Amino acid sequence: MPKSPAKAVATGGTVKVRLVKGLRGAQARHRLSVKALGLNKINDMRELKDSPQVRGLINKVHYLVRVEE
């Protein structure tokens, strides 16, 4: 069973998200979702509180970001 990026279990109630693809060619709403996650440039990483809202943003832009533990 493939592991979905949003299903990864984060320790301590936080989740690390890294932007791995550029935003050129991405939908405007997806660019806004990436900005809402606090990611600006490729390889930017943020440690965010693990919440349903953050997981929803990650699911929306799963092809642009990588969830790291």
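Residues numbered from 1 in each chain as written. Predicted model: local features only at pLDDT ≥ 70, side-chain atom pairs only at ≥ 80, totals over all residues. Heavy atoms only, no water.

### Looking at the overall build of the protein chain
Heads up, the condition is: In DSSP terms, a helix is any run of H or I states spanning at least four residues, a strand is any run of E spanning at least two, and both are numbered starting from the N terminus. Each residue's exposure class comes from its accessible area (1.4 Å probe, protein chains only) as a fraction of the maximum for that residue type: buried when under 20%, exposed when over 50%, partly exposed otherwise. Any two residues having at least one pair of non-hydrogen atoms within 4.5 Å are treated as being in contact. Residue exposure ignores everything except the shown protein chains as possible cover, and the areas themselves are Shrake-Rupley values with a 1.4 Å probe.
Along the protein chain, the regular secondary structure elements total two helices and three strands. Along the protein chain, from the amino end to the carboxyl end, the secondary structure elements read β-α-β-α-β. Residue burial in the protein chain is summarised as follows: out of 69 residues, 33% are buried. In the protein chain, the share of contacts with a sequence separation of at least 24, taken over all contacts with a separation of at least 6, comes to 73%. When the accessible area of the protein chain is evaluated, it comes to approximately 4,800 Å², of which 52% is carbon and sulfur surface.

### Structural notes on the nonpolar core
Condition: Put simply, buried Ala, Val, Leu, Ile, Met, Phe, Trp, Tyr and Cys residues joined by side-chain atoms within 4.5 Å make one nonpolar core.
Grouped together as the largest cluster of nonpolar side chains are 15 residues, with contacts concentrated most on I58, L64 and V65. For this core, the secondary-structure elements that each account for two or more residues are β1 (14-19), α2 (52-60) and β3 (65-68). By residue number, the principal contributor to this core is β1, which donates three residues. Among residues more than four places away in sequence, those in contact with L64 are R18, L19, V20, K21, G22, L23, A26 and V34.

### Structural notes on the environment of L48
As for its placement among the helices and strands, L48 is situated in strand β2 (residues 45-49). Distance from L48 to V17, taken between C-alpha atoms, is 7.6 Å for residues 31 residues apart in sequence. Dropping the residues within four chain positions of it, L48 is found in contact with G13, T14, V15, V17, L37 and V54.

### Focus: the side chain of H30
Along the chain, H30 turns up in helix α1 (residues 28-36). H30 sits in the buried class, given a relative accessible area of 11%. With residues up to four places along the chain from it excluded, the contact list for H30 reads K60, V61 and Y63.

### Examining unusual backbone geometry
Backbone phi values are negative for most residues with the exception of glycine, while trans is the configuration of most peptide bonds. Phi is positive for N43, close to 75 degrees, though the residue is something other than glycine. Along the chain, N43 turns up in the loop between α1 and β2.

### Concerning α2
So the rule is basically this: Read the arc as the range of directions from the helix axis to the C-beta atoms.
Looking only at α2, the buried set comprises V54, R55 and I58. Seen end-on, α2 carries its buried residues on one side only, within an arc spanning 100 degrees. Opposite the buried face of α2, at more than 90 degrees from it, the exposed residues are P52 and Q53. Contacts made by the buried residues of α2 are with β1, β2 and β3.

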